[in-house]
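What follows is the residue order along each chain.
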Amino acid sequence: MTDRTTGPDQMTGATPDNGMRNANRANGKPGPMLSADGTPLKRSLRRAQRRQKIRALMLIAPLLIFVLLTFIAPIADMLFRSVQNQIVSDTLPRTVASLERWDGQSGEVPDEQTFRALYLDMFIAAERKEHTRLGSRLNYELTGVSSLFRRTGRDVDDFGEVYEDAFNDLDPKWEDPTTWARILGSADWVGEAEGAEAPGPDFELRDDVASYLPLTAELYGIFAEFIQTEDGDSPMEEEPWTLVYTALYWDLQRQGFAYSGPEADLVRAAAQAASGFENVSLKALFIDSDKDWGDPEVWATIKTYAPEYTPGYFLNAVDRQLTPDGVEKRPANEQIYGILFQRTIFMSLTITISCILLGYPVAYILANLPMRTANLLMILVLLPFWTSLLVRTSAWKVMLQQQGVINDTLVWLGLVDDASRLVMINNQFGTIVAMTHILLPFMILPLYSVMATIPPSYVRASKSLGATNWTTFWRVYFPQSVPGIGAGSILVFILSIGYYITPEIVGGTTGTFISNRIAYHISSSLNWGLAAALGSILLAVVLILYYLYDRIVGIDNVKLGG
Amino acid sequence: MSDTTEGAFVEFSRVQKSYDGETLVVKDLNLTMPKGEFLTMLGPSGSGKTTCLMMLAGFETATHGEILLDGKPINNIPPHKRGIGMVFQNYALFPHMTVAENLSFPLEVRKIGKSDREAKVKRALDMVQMGAFGGRRPAQLSGGQQQRIALARALVFEPELVLMDEPLGALDKQLREHMQFEITNLAHSLGITTVYVTHDQTEALTMSDRVAVFDDGRIQQLAPPDQLYEAPQNSFVAQFIGENNTLTGTVTEVNGEFCKVKLDDGEVIDAKAVNIDGVGSKTQVSIRPERVEYNSERMAEGVHTIKAEVLEFIYMGDIFRTRLRVAGKDDFVIKTRNAPDQVRLKRGQQIEIGWLPSDCHALDA
Ligand SMILES: Nc1ncnc2c1ncn2[C@@H]1O[C@H](COP(=O)(O)OP(=O)(O)O)[C@@H](O)[C@H]1O
Ligand SMILES: [Mg+2]
């Protein structure tokens, strides 16, 4: 509260005067008030206010749009990433569908059918070079998956060679890309594509080919689109992937196979011969490529992370993990985030308290000095703001390190033995010292602006009433400066809980904050989902603390200035 | 040290005060107050009234001189041990305490027991007719109510001396007049000694036993209200208190209590020699507007008459206010009571006005 003089007319409470006024008002005639032109007063008031509101909104619109586009939208997107998990089902759609039938707890590797689905997904992903990304994603959950995917991605090209050779040996026509194009492409497309410059017109499937050769049609379509858009080649000139040969083999082997259309003789001949082809087991090929494919745990991990949205990142951020058996604690040596969150909050509190202890007397002196001197000293308080954060932090490095200024001085004074110089940096102490220094102005400024509005007459009144200096301070001055402490503490605490640069430079391993871990996941490990989950938790912690603060101290007890 | 005046409760003895070491804000202040007196410091803004009050309360130290309370010098006693009640202009009620807590504060710091405290707080609140407001916060009170609480807080610990620095400045006129009455009543019934600061002369005249008129860091005159009005000691006091006509001239003759003054236009008048330097010195002659008569039938024996021209005649209900040109000056004002037989003047009329030489004070120029 500032000492605003409350004139008799500014009262809104139940003063005797207001009681009289209300009584007078109540005696007035009921019914809506009309404005001069006859419209109800309420409506014209609302109209006038709406116009005002729109004008106000237009004034802030540029900033609003700017903030929305450059700040809120990216943050929302980032937060969304903390639960987003489409990568598994996008990259391995057939495998994921096939795994639905598989029982993760059985302890057995899925059947051949699932391996066939994996072959199709893996081959396409490898062509599109998407398998490594998925490998890194799943590696967060099970180490080794990344290399497994990389190795198999290399090998998967050769899995279908048996069938490619078999078809080519059967009839050299299968080696001709145009044969495939005629069987699978529509007549119109074939007509246009013949002789056209690569990549030619967009591939079109023949109408009924999908009913005779469903898998081949699907995969050839994918192949054609891929080489046309990615490589700029024409399907008329490119031999299909071995995958397509494999698919054709499987189609021909289907129960009740029939075919009519171009090259009907060729296809039927192949169908006859196909039963004699060597039938390779994809399960064997995969396990041959990497024995981990025979490990049910790999499959369980794929199945567990198949849904499009996952709590996995959040569980990870609180040192839990999602396993086929449900949520479990991570192994003790992987539990780091709980400790980091605790440390972040503990150190932020320590920094906030240090700032209060150091800043309060400074703000008090500033607020009670004559204006001119106070302004001069205020420049000293603000000076750190005009220096680069990096420079200030590095300066602390120079001061605090073992061969640094403070240690040198202590050794020179003989207070500390040269052999046992104090370790004051790359630990929590260093971070707390440097951050207290950096955040101090954020405490002093609100404190000062609140203290400057406390009229000296309160102190005088208290002393005239017989209170000693200490009683005056503690019972009269201090309670009125609490809103400043509140504002400064919120500022400093929230700033420090998300601080990054200073702990990064002077924090070492024991003095780093959760934000340093977030930055690591954003820029080094590229695990954005986990970074987003950690960030969301941090945001939630701040909001909860803010709420608690409001309940305990009251947010209207926070004042940044007069 | 200085010799203390017998029976004085508050005494300023040759007190000087400078804030910057260059100018004296208070110059040689001498003042004695008996117990139970209501004394008002009256003066224009910046004349050093608050400074005097703060020196008495202990928030400023006198640069020179001595302040005595009940015969004892208090220069070295810290404010909280002086036991002086104070009412501030902005009331300075502690916003984070309720009204009752505000009142209880001075009792708590004096370590008075809880039941005693409650009784005293209640009595003080009843005294200012605010008994029902103990649980409120100051911000929930109107200006007048806050004023009463501030008064109650200054009195609750039963100080013998109370200082008030323009306590009614923030109130509207009606409330102010009412509070003036209440404050003087309280002060007299409790028998406390009061130093009251104001720049409002009506307030000073109606409330005080004595008024000290301040200007330029000095007391220009210290006297009861009627004396101040009727016998101003110098032209500042004459001008500052009430309405006043001044004519300038030169003293030509002094005989005892009276003197002759030759006005700037050559006319010679008789005046009371109050504050002149002798024959030949410049002087300002002061005459109150209501002591001038223009109706020859009502003029008393021995009045001095002089010619005048009516410039303006204003009907104000209870009185007529007439502006005249007298002795070459255009701002001579007279006030006459609106009696049934009173003559009303017209603009441009040439008349003769008169006053008694004893109502005409020759003061410093
Ligand atoms: N704390 C201060 N520092 C410097 N000058 C002051 C201070 N307080 C008052 N003054 C000066 O002293 C003079 C008298 O002030 P004050 O006693 O407040 O006058 P008043 O109360 O009669 O209006 C003024 O010229 C004012 O500017
Ligand atoms: Mg003043």
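About the criteria used
Residues numbered from 1 in each chain as written. Chains lettered and ligands numbered in written order. Predicted model: local features only at pLDDT ≥ 70, side-chain atom pairs only at ≥ 80, totals over all residues. Heavy atoms only, no water. Helix = DSSP H or I, 4+ residues; strand = E, 2+ residues; numbered from the N terminus. Contact = heavy atoms within 4.5 Å. Areas by Shrake-Rupley, 256 points an atom, 1.4 Å probe, with all protein chains shown as cover. Lys, Arg positive; Asp, Glu negative; His and termini not counted. Charge placed at Lys NZ, Arg CZ, Asp CG, Glu CD. Rg over C-alpha atoms; globule rule 2.2 N^0.38 Å. Pairing = 2+ DSSP bridges. Buried area = accessible area lost by both parts, 1.4 Å probe. Salt bridge = Lys/Arg side-chain N within 4 Å of Asp/Glu carboxyl O. Domains from an automatic or database assignment. Polar contact = N/O pair within 3.5 Å; in protein donor to acceptor, adjacent residues only side chain to side chain. Nonpolar A, V, L, I, M, F, W, Y, C, P; charged D, E, K, R; others polar. Axes fitted to C-alpha atoms, helices over the stretch in contact; angles between N-to-C directions. Buried < 20%, exposed > 50% of the residue type's maximum accessible area, 1.4 Å probe, protein only. Near = heavy atom within 4 Å. Expected span 1.5 Å × (residues − 1). Bend = angle between axes of the 7 residues up to and from the residue. Core = buried A, V, L, I, M, F, W, Y, C linked by side-chain atoms within 4.5 Å. Phe/Tyr/Trp six-rings, centres within 6.5 Å; stacked < 30°, edge-to-face > 60°. Lys NZ or Arg CZ within 6 Å of the ring centre and 35° of its normal.

## Concerning the overall build of chain B
Here is step 1: Counting its regular elements, chain B contains 8 helices and 19 strands.
Here is step 2: In terms of overall dimensions, chain B has a C-alpha envelope of 75 × 50 × 35 Å along the principal axes.
Here is step 3: Once local pairs closer than 6 in sequence are excluded, the contacts in chain B between residues at least 24 apart make up 66%.
Here is step 4: A total accessible area of about 16,300 Å² is found for chain B, and carbon and sulfur atoms account for 47% of it.
Here is step 5: A gap of 6 Å separates the mean positions of the 40 positive and 50 negative side-chain charges of chain B.

## Thoughts on the overall build of chain A
Here is step 1: The secondary structure content of chain A amounts to 27 helices and 2 strands.
Here is step 2: Taken against the 2.2 N^0.38 rule, which gives 24 Å for 562 residues, the C-alpha radius of gyration of chain A at 37 Å runs more than 25% over that of a compact globule.
Here is step 3: Expressed along its principal axes, the backbone C-alpha trace of chain A runs to roughly 115 × 90 × 50 Å.
Here is step 4: Of all intrachain contacts in chain A linking residues separated by at least 6 positions in sequence, the fraction that spans at least 24 positions is 70%.
Here is step 5: Only carbon and sulfur atoms are counted for the fraction: they give 59% of the accessible area of chain A, which is about 29,500 Å².
Here is step 6: Side-chain charges of chain A comprise 45 positive and 61 negative groups, with the mean position of each set lying 25 Å from the other.

## A few points about the pairing of strand E17 (residues 329-337) of chain B
Along a regular strand, successive side chains alternate from one face of the sheet to the other.
Residues and elements named next belong to chain B.
Here is step 1: Taken together, the 7 bridges between strand E16 (residues 319-326) and E17 define a ladder with antiparallel strand orientation. Following the sheet pairing, Leu324 is matched in E17 by Phe332.
Here is step 2: In sequence, E16 turns back onto E17 through a hairpin of 2 residues, with Ala327 there showing a positive phi of about 50°.

## Things to note about the interface of chain A and chain B
For interface size, the figure often reported is the accessible area lost on association.
Here is step 1: At the interface, 25 residues of chain A touch 31 residues of chain B.
Here is step 2: Between chain A and chain B the total buried area reaches about 2,500 Å² when both faces are included, carbon and sulfur atoms providing 64% of it.
Here is step 3: If you sort the residues of chain A by the area they bury against chain B, Arg460, Leu465 and Arg475 of chain A come out on top, with a joint share of 28%.
Here is step 4: At the boundary of chain A and chain B, one finds 2 salt bridges.

## Topic: the domain arrangement of chain A
All names here are of chain A.
Here is step 1: Structurally, chain A comprises domain 1 (16-81), domain 2 (88-157 + 283-308), domain 3 (160-279) and domain 4 (337-557).
Here is step 2: Between the C-alpha centres of domain 2 and domain 3 there is a distance of 26 Å.
Here is step 3: Across the contact, 9 residues belong to domain 2 and 11 residues belong to domain 3.
Here is step 4: Counting the surface lost from both domain 2 and domain 3, the interface buries some 1,100 Å², and carbon and sulfur atoms represent 67% of this.
Here is step 5: For the domain 2 face of the interface with domain 3, the top three residues by lost area are Arg116, Tyr119 and Leu120, together amounting to 43%.
Here is step 6: Between domain 2 and domain 3 we count 1 salt bridge in total.
Here is step 7: In this structure, Arg94 engages Glu218 in a salt bridge whose closest nitrogen and oxygen atoms are separated by 2.7 Å.
Here is step 8: Our count for the contact surface shared by domain 2 and domain 3 stands at 3 residue pairs in polar contact (both at pLDDT 80 or more).
Here is step 9: In terms of residue count, the dominant contributor to the side of domain 2 that touches domain 3 is helix H5 (residues 112-128) (7 residues).
Here is step 10: Along the lines of polarity and charge, the residues of the side of domain 2 that touches domain 3 split into 4 nonpolar, no polar and 5 charged.

## Points about the pattern of salt bridges
A side chain of one charge can pair with a side chain of the opposite charge if their charged atoms are brought near each other.
Here is step 1: The full count for this structure, using the stated rule, is 35 salt bridges over all chains.
Here is step 2: Of the charged contacts, one joins Arg325 of chain B and Glu309 of chain B as a salt bridge, the two residues approaching to 3.1 Å between their closest N and O atoms. Of this pair, Arg325 of chain B sits in strand E16 while Glu309 of chain B sits in strand E15 (residues 304-315), and the two are 16 residues apart along the sequence.
Here is step 3: Connected through shared salt-bridge partners, Arg137, Glu141, Arg330 and Glu334 of chain A make up one network.

## Observations concerning the sheet that holds strand E2 (residues 26-34) of chain B
Residue and element names in this part refer to chain B.
Here is step 1: Strand order in this open sheet of 4 strands is E2-E1-E4-E5, and the pairing throughout is antiparallel. Two strands in the sheet have a free side with no partner beyond their single neighbour: E2 and strand E5 (72-73).
Here is step 2: Examined bridge by bridge, strand E1 (residues 8-17) and E2 share 6 bridges and lie antiparallel to one another. If you follow Val15 over to E2, its bridge partner there is Leu29.
Here is step 3: In the packing of helix H1 (residues 49-57) onto the sheet, the strands contacted are E1, E2 and strand E4 (64-69), and the crossing angle to E1 comes to about 120°.

## A few points about unusual backbone geometry
Here is step 1: With a phi close to 60°, Asp319 of chain A is a non-glycine residue in the positive phi region.
Here is step 2: Residue classification places Asp319 of chain A among the buried residues on the basis of a relative accessible area of 6%.

## Here's the deal with helix H16 (residues 296-304) of chain A
Here is step 1: Taken together, the buried positions of H16 of chain A are Val298, Trp299, Ala300, Thr301, Ile302 and Thr304 of chain A.
Here is step 2: In the core, the buried residues of H16 of chain A are packed alongside helix H3 (86-91), helix H4 (93-99), H5, helix H6 (131-139), helix H7 (145-155) and strand E1 (320-323) of chain A.

## Let's talk about the site of ligand 1
Residues and elements named next belong to chain B.
Here is step 1: Near ligand 1, the surroundings consist of Tyr19, Val25, Pro44, Ser45, Gly46, Ser47, Gly48, Lys49, Thr50 and Thr51.
Here is step 2: Within the contact set of ligand 1, an oxygen atom lies 2.7 Å away from a backbone nitrogen or oxygen of Gly46.
Here is step 3: Within the side chain of Thr51, one N or O atom sits 2.4 Å away from an oxygen atom of ligand 1.
Here is step 4: Coverage of ligand 1 by the protein amounts to 55% of the 560 Å² it exposes when considered alone.
Here is step 5: For the shell around ligand 1, the residue count by class is 3 nonpolar, 6 polar and 1 charged.

## Structural notes on helix H22 (residues 428-451) of chain A
Residues and elements named next belong to chain A.
Here is step 1: For H22, built from 24 residues, the straight-helix expectation of 34 Å at 1.5 Å per residue is met to within 8% by its first-to-last C-alpha distance of 32 Å.
Here is step 2: Remark: the principal bend of H22, roughly 40°, maps to Leu439, with a proline, Pro441, within the next four residues.
Here is step 3: Burial of H22 is extensive: 18 of the 24 residues sit out of reach of the surface.
Here is step 4: The backbone nitrogen of Phe429 has a side-chain oxygen 3.3 Å away, supplied by the residue at the start of H22, namely Asn427.

## Details of the nonpolar core
Here is step 1: By size, the foremost hydrophobic cluster in this structure holds 98 residues, and its most contacted members are Leu56, Leu161 and Leu163 of chain B.
Here is step 2: Ranked by the residues each element gives to this core, the list is headed by H22 of chain A, at 10 residues.
Here is step 3: Not counting residues within four places of it along the chain, the set of residues in contact with Leu56 of chain B comprises Val10, Phe12, Ile67, Ile74, Arg82, Ile84, Leu161, Leu163 and Val195 of chain B.
Here is step 4: Among the nonpolar cores identified, the runner-up in size contains 75 residues, and Leu92, Phe123, Phe257 and Tyr305 of chain A belong to it.

## Re the packing of aromatic side chains
All names here are of chain B.
Here is step 1: All chains considered together, the criterion is met by 41 aromatic pairs over all chains.
Here is step 2: Ring plane angle 25° and centroid distance 6.0 Å describe the contact between Phe332 and Trp355, whose orientation is recorded as stacked. Placement of Phe332 in strand E17 and of Trp355 in strand E18 (residues 350-355) is noted, with a sequence separation of 23 residues between them.
Here is step 3: The residue whose ring lies beneath Lys17 is Tyr19, and the NZ or CZ to ring-centre distance is 5.0 Å.

## Some thoughts on the domain arrangement of chain B
Residue and element names in this part refer to chain B.
Here is step 1: Partitioning chain B into domains gives domain 1 (8-235) and domain 2 (243-364).
Here is step 2: The centre of domain 1, based on its C-alpha atoms, is set 39 Å off from the matching centre of domain 2.
Here is step 3: Between domain 1 and domain 2, the contact holds 8 residues from the first and 9 residues from the second.
Here is step 4: Together, the buried faces of domain 1 and domain 2 total about 750 Å²; carbon and sulfur atoms form 42% of this surface.
Here is step 5: Joining domain 1 to domain 2, the criterion identifies 0 salt bridges.
Here is step 6: Counting every contact that joins domain 1 to domain 2 gives 5 residue pairs in polar contact (both at pLDDT 80 or more).
Here is step 7: Broken down by element, the residue count for the side of domain 1 that touches domain 2 peaks at 3 residues, all from helix H7 (residues 225-230).

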